[in-house]
Amino acid sequence: MTLATIDKALCDREGACIDSCPHVLFLRGEDGFPVERHDAASLCIRCGQCVSVCARGALTNHLLEGQEFLEKSALAGAEDPLAYAMKTRRSVRAFKGRSVDKAVLASLFDVVRHAPTANNSQKLWWIVALERETTRSLAALGLDWLRNTYYRDGLGKAWEGDADPVLRGAPHLVLCCAPEDYRWACTDCAIAVTHLELLAASRGLGTCWTGVFLQALEAWPPLAEALGLPPGQKVFGGLTLGYPRFEHRLVPPRKPVAVNWR
């Protein structure tokens, strides 16, 4: 089955769908147009990123045909600011080259410190890779883990050259930490990281949860050593962060809410 159709008359060949797909299901063809991988349809998670990020509406994802994408611009006047941020937030995997000013980052944490914690314990603390070189070096260590585990035979065409499957070229990495033996560490960190994600989106910043990096951190000693965590402390959540390279003009469809009213 073919996953997508590209209208070449509309496609601007910017590669937004290529760089934004979480499973890298599109590659750049010789003529510059996106070309789907042979197994794309079976691997697609129906997140709608490819359609929502296409500036000119050139891509049709056949697994999502007939489902309603919302125009982001139409929501702006109809939603309160928090609802708008929650609906229009997207996972960003393609970032601009410039870093975010330290003062801007600090202003985020000044708000996020108000996120709730169990029994008001306030045990959370953060690691922020401020310099691009630091983020890049941590991504390289995560890539070493991928090469030695999942991709012993090579990463394939999708990650040729200096491509970064771990942190996707983000300028910053933000990690939420807590004592390893703290009972509510996972919950508190998930709440705090979600607060940070939504706040960042409301201020024009892009983020993405760092699942691959956290897996590598658990299993690859060189990465844990480079991070230099104090004894008894552990990373429980994290985000890549930077300025999005592409704007999402649409809000992808989601399943109807399932509520068991009592």
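Look above for the structure.
Since this is a predicted model, take the numbers as computed values, not measurements.

Draft legend 1. Local environment of the overall build of the protein chain. Within the protein chain, the regular secondary structure consists of 10 helices and 10 strands. Relative to the compact-globule value of 18 Å for 262 residues, the protein chain shows a C-alpha radius of gyration of 19 Å, a close match. In terms of principal-axis extent, the alpha carbons of the protein chain reach across some 55 × 50 × 40 Å. Put simply, the protein chain has 262 residues, and 44% of those count as buried. Approximately 14,400 Å² of the protein chain is accessible, and the part contributed by carbon and sulfur atoms is 52%. Positive and negative side-chain charges of the protein chain, numbering 30 and 29 respectively, have mean locations separated by a distance of 3 Å.

Draft legend 2. Summary view of the sheet that holds strand S7 (residues 172–179). The 4 strands lie next to each other as S6-S7-S9-S8, forming an open sheet whose pairing is antiparallel. In this open sheet, the two edge strands, each paired with only one partner strand, are strand S6 (125–129) and strand S8 (206–209). Averaged over all neighbouring strand pairs, the angle between strand axes comes to 25 degrees, with direction disregarded. Direction of pairing for S8 relative to strand S9 (residues 233–242): antiparallel, over a ladder of 4 bridges. Looking across to S9, one finds that Gly206 is bridged to Gly242. The sheet contacts of helix H9 (residues 211–219) involve S7, S8 and S9, and relative to S9 the element is tilted by about 150 degrees.

Draft legend 3. Molecular detail of a nonpolar patch on the surface. A cluster of nonpolar side chains, contributed by Val257, Val259 and Trp261, occupies part of the molecular surface with about 410 Å² of accessible area. Inspection of the secondary structure puts Val259 in the segment after strand S10 (250–251).

Draft legend 4. Representation of empty space enclosed by the protein. One pass over the full model with this rule turns up 1 cavity of 30 Å³ or more. Roughly 80 Å³ of volume is contained in the largest cavity. If you go around the largest cavity, the residues you meet are Leu3, Cys21, Pro22, Leu25, Phe26, Cys44, Ile45, Cys47, Gly48, Gln49, Cys50 and Asn61. Residue composition of the lining of the largest cavity, by class: 9 nonpolar, 3 polar and no charged.

Draft legend 5. Structural detail: the packing of helix H7 (residues 132–148) against H9. Where H7 contacts H9, the two axes come as close as 9 Å, and the packing angle between them is 70 degrees. One finds that H7 runs roughly perpendicular with respect to H9. Residues Leu138, Gly142, Trp145 and Leu146 of H7 pack against Val212, Phe213, Gln215, Ala216 and Ala219 of H9. For the contact of H7 with H9, the residue count by class is 7 nonpolar, 2 polar and no charged.

Draft legend 6. Here's a closer look at the side chain of Gln49. Position of Gln49 relative to the elements: it lies in helix H3 (residues 49–52). Look past the residues within four positions of Gln49 in its chain and what remains in contact with it is Ser20, Pro22, Arg90, Ser91, Arg93 and His248.

Draft legend 7. The arrangement of the packing of aromatic side chains in detail. In this structure the tally under the stated criterion is 1 aromatic pair. Look at Phe109 and Trp126: their rings are 5.1 Å apart centre to centre, the planes differ by 55 degrees, and that puts the pair in the tilted class. Placement of the pair is Phe109 in helix H6 (residues 102–112) and Trp126 in strand S6, with a sequence separation of 17 residues. Residue Phe109 is classed as buried on the basis of its relative accessible area of 18%. Sitting over the face of the ring of Phe33, Arg13 holds its NZ or CZ atom 4.6 Å from the ring centroid. Lying over the aromatic face of Tyr243, Arg98 brings its terminal NZ or CZ to 3.9 Å of the ring centre.

Draft legend 8. Structural context of H7. Between its first and last C-alpha, H7 extends 24 Å over 17 residues, near the 24 Å set by a 1.5 Å rise per residue. Every buried residue belonging to H7 is among Thr135, Leu138, Ala139, Gly142, Leu143, Trp145 and Leu146, and all of these are buried. Angularly, the buried residues of H7 cover 155 degrees about the axis, an arc narrow enough to put them on a single face. On its buried face, H7 sits against S6, S7, H9 and helix H10 (221–227).

Draft legend 9. Spotlight on H9. Within H9, burial applies to Phe213, Ala216 and Leu217. Take H9 and look down its axis: the buried residues cluster within an arc of 100 degrees, on one side only. Contacts from the buried residues of H9 go to H7, S7, H10 and S9.

Draft legend 10. Focus on the nonpolar core. Leu108, Ala178, Leu196, Leu205 and Leu241 are the most contacted members of the largest nonpolar core, which totals 22 residues. For this core, the secondary-structure elements that each account for two or more residues are H6, S7, helix H8 (185–202) and S9. Sort the elements by how many residues they give to this core and H8 lands first, with 7 residues. With residues up to four places along the chain from it excluded, the contact list for Ala178 reads Lys123, Leu124, Trp125, Ala185, Cys189, Gly232, Gln233, Lys234 and Phe236.

Draft legend 11. Main features of the pattern of salt bridges. Per the counting criterion, the structure on display carries 8 salt bridges. When the shortest N-O distance is used, the salt bridge between Arg113 and Asp110 registers 2.9 Å. Taking relative accessible area as the criterion, Arg113 reaches 56% and is therefore assigned exposed.

Here is what the cut-offs are and how they apply
All chains use their own residue numbering, which begins from 1 and follows the written sequence. Residues qualify for local features only when their pLDDT is at least 70, as the model is predicted, and side-chain atom pairs are given and counted only at 80 or more; totals for whole chains, interfaces and linings, by contrast, use all residues. The side-chain quantities take in all heavy atoms of the structure and omit both hydrogens and water. Strands are runs of DSSP state E lasting at least two residues, helices are runs of H or I lasting at least four, and both sets are numbered from the N terminus onward. In this treatment the radius of gyration is a C-alpha quantity, and the globule benchmark scales as 2.2 Å times the residue count to the 0.38 power. For every residue, the accessible area obtained with a 1.4 Å probe (protein chains only) is divided by the maximum for its type, and the residue is called buried under 20%, exposed over 50%, and partly exposed between those limits. Throughout, the Shrake-Rupley method with a 1.4 Å probe supplies accessible areas, and for residues the shown protein chains are the sole cover considered. In this tally, Lys and Arg are treated as positive and Asp and Glu as negative; His is ignored, and so are the chain termini. Here the site of a charge means atom NZ of a Lys, CZ of an Arg, CG of an Asp or CD of a Glu. What makes two strands pair is DSSP finding at least two bridges between them. Helix axes are fitted to C-alpha atoms over the stretch in contact, other axes to C-alpha atoms as well, and angles between N-to-C directions run from 0 to 180 degrees. Only heavy atoms matter for contacts: two residues are in contact if any of them lie within 4.5 Å across the pair. Within the patch definition used here, like charges are joined within 9 Å and nonpolar side chains (Val, Leu, Ile, Met, Phe, Trp, Tyr) within 5 Å, considering only residues with over 30% relative accessible area and no salt bridge. The term salt bridge refers to a side-chain nitrogen of Lys or Arg lying within 4 Å of a carboxyl oxygen of Asp or Glu. Any residue with an atom within 4 Å of a point lines the site, the site being either a cavity, points on a 1 Å grid over the protein atoms alone where a 1.4 Å probe fits but cannot get out, or a pocket, an open set with protein on both sides within 12 Å along at least 5 of 7 lines. Grid points are joined across faces, edges and corners, and a volume is the space filled by probe spheres set on the points. Each residue is assigned to one of three groups, with Ala, Val, Leu, Ile, Met, Phe, Trp, Tyr, Cys and Pro labelled nonpolar, Asp, Glu, Lys and Arg labelled charged, and all others, Gly among them, labelled polar. The scheme is simple: roughly parallel for angles under 35 degrees, roughly antiparallel for over 145, roughly perpendicular for 65 to 115, oblique for anything else. For Phe, Tyr and Trp, rings pair up if their centres lie within 6.5 Å, where Trp contributes its six-membered ring, and each pair is then called stacked (planes under 30 degrees apart), edge-to-face (over 60) or tilted (otherwise). Whether a charge lies above a ring is judged from NZ of Lys or CZ of Arg, which has to be within 6 Å of the ring centre and within 35 degrees of the ring normal. One fewer than the residue count of a helix, multiplied by 1.5 Å, yields its expected span. Arc definition: directions from the helix axis to the C-beta atoms. Put simply, buried Ala, Val, Leu, Ile, Met, Phe, Trp, Tyr and Cys residues joined by side-chain atoms within 4.5 Å make one nonpolar core.

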